Amino acid sequence: MIAERIIQGSGYVAKIETHSFVDGEGVRCSLYVSGCPFRCSGCYNVAAQHFRYGEPLTDALVAEVIAACEPDYIAGLSILGGEPFCNLAVTMPLIHAFRERFGETKDIWVWTGYQLEYLMQLHDERLKMLEQIDVLVDGMFIQKLYRPNLAYRGSLNQRVIHVPTYIATQSVARAIYVE
Ligand code: SF4
């Protein structure tokens, strides 16, 4: 029961940015989930570590995000946190609605504190979520490995991975999307 709560989260959204220029390639709609168990020192979004920060996800909010993704110049949806894989009550309805509307014509980027290899060996809904993602930025933020000029990540241990390539090849080296 506790494990299920950790996976589903409390269903809260910390923030939505309808025009982000930094959360992945192109202009994107970014949604920040609320709740993260990792407590990284130097976390870029401490407020969103709390599972009831912000507002609950509603059907209207999902519709708002999908509408924000409609313009041709919006490349896709980015999901950050908080921890997306501890918030399936938010991420799964959102990803489902996004794929239903846009199919593969727009992409989904997700930032997580988990490592890809850990997520790949799960046998629950989190693996199903992973399989819907185009690009995963993985690993906890580590302050002493912080570098100011890394693309889409904060510390050297984090990786920007093209998930379909990883699933097809089982090779992280081949699936690195941006060095
Ligand atoms: S994983 Fe991300 S949101 Fe969670 S504590 Fe670390 S930096 Fe903050």
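The rules behind each value
- Within each chain, residues carry numbers counting from 1 in the order of the written sequence.
- Per-residue local features are limited, in this predicted model, to residues with pLDDT of at least 70; the limit for side-chain atom pairs, both in listing and counting, is 80 or more; totals at the level of whole chains, interfaces and linings are taken over all residues.
- Excluding hydrogens and water, the side-chain figures rest on all heavy atoms present in the structure.
- Numbering of helices and strands runs from the N terminus; a helix is a DSSP stretch of H or I covering at least four residues, while a strand is a stretch of E covering at least two.
- With C-alpha atoms as the basis for the radius of gyration, the globule rule is written as 2.2 Å multiplied by the number of residues raised to the power 0.38.
- Each residue is placed in one exposure class: buried if its accessible area under a 1.4 Å probe, protein chains only, is under 20% of its type's maximum, exposed if it is over 50%, and partly exposed if it falls in between.
- It only takes one pair of heavy atoms within 4.5 Å for two residues to be counted as in contact.
- The method behind every accessible area is Shrake-Rupley, applied with a 1.4 Å probe, and residues are considered shielded solely by the protein chains displayed.
- Between N-to-C directions, angles span 0 to 180 degrees; the directions come from axes that are lines fitted to C-alpha atoms, helices contributing only their stretch in contact.
- Small angles under 35 degrees read as roughly parallel and large ones over 145 as roughly antiparallel, with 65 to 115 read as roughly perpendicular and the rest as oblique.
- Each crossing gets its hand from how the near helix is turned against the far one by less than a right angle, where anticlockwise is left-handed and clockwise is right-handed.
- Only Asp, Glu, Lys and Arg are considered charged, only Ala, Val, Leu, Ile, Met, Phe, Trp, Tyr, Cys and Pro nonpolar, and every remaining residue, Gly among them, polar.
- A pair of aromatic rings is counted whenever rings of Phe, Tyr or Trp (Trp by its six-membered ring) have centres within 6.5 Å, and the orientation is called stacked for planes under 30 degrees apart, edge-to-face for over 60 and tilted otherwise.
- Residues are counted as near a molecule or strand when any one of their heavy atoms sits within 4 Å of it.
- Any carboxyl oxygen of Asp or Glu within 4 Å of a side-chain nitrogen of Lys or Arg constitutes a salt bridge here.
- Two strands pair if DSSP finds at least two bridges between them.

*Asks:* Tell me about the overall build of the protein chain, and please be specific about residues and values.
*Replies:* Within the protein chain, the secondary structure is distributed over seven helices and eight strands. Relative to the globule expectation of 16 Å for 179 residues, the C-alpha radius of gyration of the protein chain, 15 Å, shows essentially globular dimensions. Principal-axis analysis of the C-alpha atoms gives the protein chain an extent of 40 × 35 × 35 Å. Taken over 179 residues, the protein chain has a buried fraction of 50%. In the protein chain, of all internal contacts separated by at least 6 residues, the share reaching a separation of at least 24 is 65%. Surface summary for the protein chain: the accessible area is close to 8800 Å², and the carbon and sulfur share equals 55%.

*Asks:* I'd love a proper account of the packing of helix α2 (residues 59-69) against helix α3 (residues 88-102), names of residues and values included.
*Replies:* Between α2 and α3, the shortest axis-to-axis distance is 10 Å and the interhelical angle comes to 40 degrees. Comparing the axis directions of α2 and α3 gives the class oblique. The element α2 and its partner α3 pack so that their crossing is right-handed. In this structure, α2 uses V62, V65, I66 and C69 to contact α3, whose residues at the interface are P93, L94, A97, F98, R101 and F102. Classifying every residue of the contact of α2 with α3 by side-chain character gives nine nonpolar, no polar and one charged.

*Asks:* Let's hear about the packing of aromatic side chains: which residues, and what values?
*Replies:* According to the stated counting rule, one finds seven aromatic pairs in the structure shown. On the numbers, 5.2 Å between centres and 15 degrees between planes, the contact of Y114 with Y118 is stacked. On the basis of relative accessible area, Y118 is assigned to the partly exposed category, the value being 35%. By the ring-pair criterion, three or more aromatic residues cluster together here, those being W109, W111, Y152 and Y177.

*Asks:* Quick rundown of unusual backbone geometry? Include the residues and the values.
*Replies:* Comment: phi is negative for the bulk of residues other than glycine, and the bulk of peptide bonds are trans. Residue G82 is reached from G81 by a cis peptide bond, and omega for that bond is 5 degrees. One can find G82 in the loop between β4 (74-80) and α3. Unusually for a residue other than glycine, Y152 sits at a positive phi of about 70 degrees. Assignment of secondary structure puts Y152 in the loop between β6 (135-138) and β7 (159-162). You will see that Q170, though not glycine, has its phi angle at about 60 degrees, which is positive. Within the secondary structure layout, Q170 lies in the loop between α6 (163-169) and α7 (172-175).

*Asks:* Give a detailed account of the site of the ligand, specifying residues and quantitative values.
*Replies:* Residues in close proximity to the ligand include C36, F38, R39, C40, C43, Y44, Q49, G82 and F141, which together make up its full environment. For the shell around the ligand, the class distribution of residues is six nonpolar, two polar and one charged.

*Asks:* Give me the lowdown on the pattern of salt bridges, citing residues and values where you can.
*Replies:* Under the criterion given, the structure shown has eight salt bridges. Among the salt bridges present, the one from E70 reaches R101, with a minimum N-O distance of 2.7 Å. In this pair, E70 sits in the loop between α2 and β4 while R101 sits in helix α3, placing the two residues 31 residues apart along the sequence. Classification of R101 as partly exposed rests on a relative accessible area of 44%. Its salt-bridge partner being D134, residue R99 comes within 2.8 Å of it at the nearest N-O pair. Of this pair, R99 sits in helix α3 while D134 is found in the loop between α5 (125-130) and β6, placing the two residues 35 residues apart along the sequence. Of the residues examined, D134 reaches a relative accessible area of 13% and is grouped as buried.

*Asks:* Tell me about the pairing of strand β1 (residues 12-20), and please be specific about residues and values.
*Replies:* The pairing of β1 with strand β3 (residues 55-56) spans two bridges and is antiparallel. Bridge pairing in β3 links V13 to E55. Taken together, the five bridges between β1 and strand β2 (residues 27-33) define a ladder with antiparallel strand orientation. Residue pairing in the sheet places S20 in a bridge with R28 of β2. The antiparallel hairpin formed by β1 and β2 contains six residues in its connecting segment, where G24 sits at a positive phi of about 115 degrees.

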